[in-house]
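Residues per chain are reported as follows:
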Amino acid sequence: MKEFVGFKHGVNLGGWLSQSDYAHEHLENFIKEEDIEKIASWGCDHVRLPFDYNIMLGDDMSVRADAFTYLDRCVKWCEKYGLNIILDLHKTPGFSFDKGEQESGFFENEKYQNIFIAMWCEIARHYADKADHIAFELLNEITEQKYATVWNGIAMRTIREVRRFAPKNPVLIGGIFNNSIFGLTLLEKPDDENIVFNFHYYNPLVFTHQKAYWIDEMSPDCEVDYPDSKEVYYRKTLDNLDKGLAYALADFPGERIDKSYMEWEMQAAADVAEKVDVPIYCGEYGVIDRVPDERLLRWYADISAVFEKFEIGRAAWTYREKDFGITDPCRSRIMDKIITYL
């Protein structure tokens, strides 16, 4: 399997330039140079930087004069401390993975698609001379399966245009169901040597997202241990998440949800990588802050071992806040242990 060189151990900078109120004070202070220095001191080789189109575009949807202020700032810090960086577009006009954003129409509206491509062309032009250090992630977490075919077409078209300005920067593409491993199987590989297939891993979801207030079906009283029997996980998933996730869980041939379950799922991702001859990368993984420390550490130990077994690069979600912050006060007792698993 091909390796995504320079992007082995990373951390997300979620909540800074995306999923925020974009207030000046927040943009100036949420992530600072000392945070990048700290991440580098952990032995990481990269960060993944989610950003929303609001950072780049004005009300008329043209690129603002100050569009690159914060992206450039982070790139400069990363260069200083020897970190590579993935620029991840988390939200584009007409689409957000978060239904609360009220964005719609991207996959049906050519105007939105043209804005998306034009924005990426400007980013490509701006960072083409940093191809050894900066990768482009086209769009975060496509949701519904009905978008799979049209998304392949948009991605192909975008990459062709981006390559006019940046022929060598790695380009990451993720699939449906919020960058699920299954979504990888529906991606088409562009005729391009610098493509990476990207997935996210929060499985079993009923464990990593237990008590998540933004999931409609999730009970605030849901508690799940790790590891535990498949029967327990099936029942908890059926009660707290979409029924389809429970039925998918039932396909696992083992009787216990533990590292063997992760290996079984990760093998499916590795099979895609071998079939289409591209590197694969896990752009997000992590555990919600409602999970007790000891359970979290058991999950992190197992997923880290599985990533190493399959030689998959990854970036933990997330450095600070957003309900998953590994540097948050609630994780202070075990933060040093979490870092060893990154």
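Cut-offs and rules
Residues numbered from 1 in each chain as written. Predicted model: local features only at pLDDT ≥ 70, side-chain atom pairs only at ≥ 80, totals over all residues. Heavy atoms only, no water. Helix = DSSP H or I, 4+ residues; strand = E, 2+ residues; numbered from the N terminus. Rg over C-alpha atoms; globule rule 2.2 N^0.38 Å. Buried < 20%, exposed > 50% of the residue type's maximum accessible area, 1.4 Å probe, protein only. Pairing = 2+ DSSP bridges. Right-handed = clockwise from strand over helix to strand, strands pointing away. Phe/Tyr/Trp six-rings, centres within 6.5 Å; stacked < 30°, edge-to-face > 60°. Salt bridge = Lys/Arg side-chain N within 4 Å of Asp/Glu carboxyl O. Expected span 1.5 Å × (residues − 1). Contact = heavy atoms within 4.5 Å.

1. Considering the overall build of the chain
Then, number 1: From N to C terminus, the chain includes 14 helices and 11 strands.
Then, number 2: Against the 2.2 N^0.38 benchmark of 20 Å for 342 residues, the chain shows a C-alpha radius of gyration of 19 Å, consistent with a compact globule.
Then, number 3: For the chain, the spread of C-alpha atoms along the principal axes amounts to about 55 × 40 × 40 Å.
Then, number 4: Classification of the 342 residues of the chain by burial places 56% in the buried group.

2. Some details on the pairing of strand β11 (residues 313-316)
Then, number 1: Alternating positions in β11 separate into two faces, Gly-313 and Ala-315 on one and Arg-314 and Ala-316 on the other, with burial throughout.
Then, number 2: Note that strand β10 (residues 280-285) and β11 share two bridges and pair parallel. What sits directly across from Cys-282, in β11, is Arg-314.
Then, number 3: The parallel pair β10 and β11 is bridged by helix α13 (residues 293-310), and the resulting crossover is right-handed.

3. Overview of the packing of aromatic side chains
Then, number 1: Taken as a whole and judged by the stated rule, the model has 24 aromatic pairs.
Then, number 2: On the basis of an interplanar angle of 10° and a centroid distance of 6.3 Å, the ring pair of Trp-16 and Trp-77 is categorised as stacked. In this pair, Trp-16 is assigned in the loop between β1 (9-12) and α1 (24-29) and Trp-77 in helix α4 (residues 69-80), connecting sequence segments 61 residues apart. Taken as a pair, Trp-16 and Trp-77 share a single burial class, namely buried.
Then, number 3: Considering the side-chain rings of Phe-116 and Trp-151, the 6.3 Å spacing of their centres and the 70° angle between planes classify their relative orientation as edge-to-face.

4. Topic: unusual backbone geometry
Then, number 1: For the bond from Asn-203 to Pro-204, the omega torsion is -10°, close enough to zero to count as cis.
Then, number 2: Within the fold, Pro-204 resides in the loop between β7 (195-201) and α9 (205-208).
Then, number 3: Despite not being glycine, Lys-322 shows a phi value in the positive range, around 55°.
Then, number 4: Residue position: Lys-322 is located in the loop between β11 and α14 (335-340).
Then, number 5: Here Lys-322 falls in the partly exposed class, since its relative accessible area comes to 27%.
Then, number 6: Phi is positive for Asp-323, which is not a glycine, with a value near 70°.
Then, number 7: For Asp-323, a relative accessible area of 17% corresponds to the buried category.

5. As for the pattern of salt bridges
Then, number 1: For the structure shown, the criterion picks out 24 salt bridges.
Then, number 2: A salt bridge links Asp-277 to Lys-2; the shortest N-O distance between them is 3.5 Å. Note that Asp-277 is positioned in the loop between α12 (259-276) and β10 and Lys-2 in the segment before β1, a separation of 275 residues in sequence.
Then, number 3: Residue classification places Asp-277 among the partly exposed residues on the basis of a relative accessible area of 40%.
Then, number 4: Residue Asp-88 pairs with Arg-48 through a salt bridge whose shortest N-O separation is 3.2 Å. With Asp-88 in strand β3 (residues 84-92) and Arg-48 in strand β2 (residues 46-52), this pair connects stretches of sequence that are 40 residues apart.
Then, number 5: You can call Arg-48 buried: its relative accessible area is 0%.
Then, number 6: What you see here is one network of salt bridges that share partners, running through Arg-48, Asp-88, Glu-137 and Glu-284.

6. What to know about α12
Then, number 1: Taking 1.5 Å per residue as the helical rise, α12 with its 18 residues ought to reach 26 Å, and the 26 Å between its terminal C-alpha atoms agrees with that figure.
Then, number 2: When we look at burial in α12, the residues that qualify are Tyr-261, Met-262, Glu-265, Met-266, Ala-269, Ala-270, Val-272 and Ala-273.
Then, number 3: Contacts made by the buried residues of α12 are with α8 (181-184), β7, α11 (243-250), β9 (256-257), β10 and α13.
Then, number 4: Asp-277 sits one or two positions beyond α12 and adopts a positive phi of about 60°.

7. Quick look at the environment of Arg-73
Then, number 1: By secondary structure assignment, the location of Arg-73 is in helix α4.
Then, number 2: For the pair formed by Arg-73 and Lys-32, sequence separation is 41 residues and the distance between their alpha carbons is 9.2 Å.
Then, number 3: Once residues within four sequence positions are removed from consideration, Arg-73 is found in contact with Glu-28 and Phe-68.

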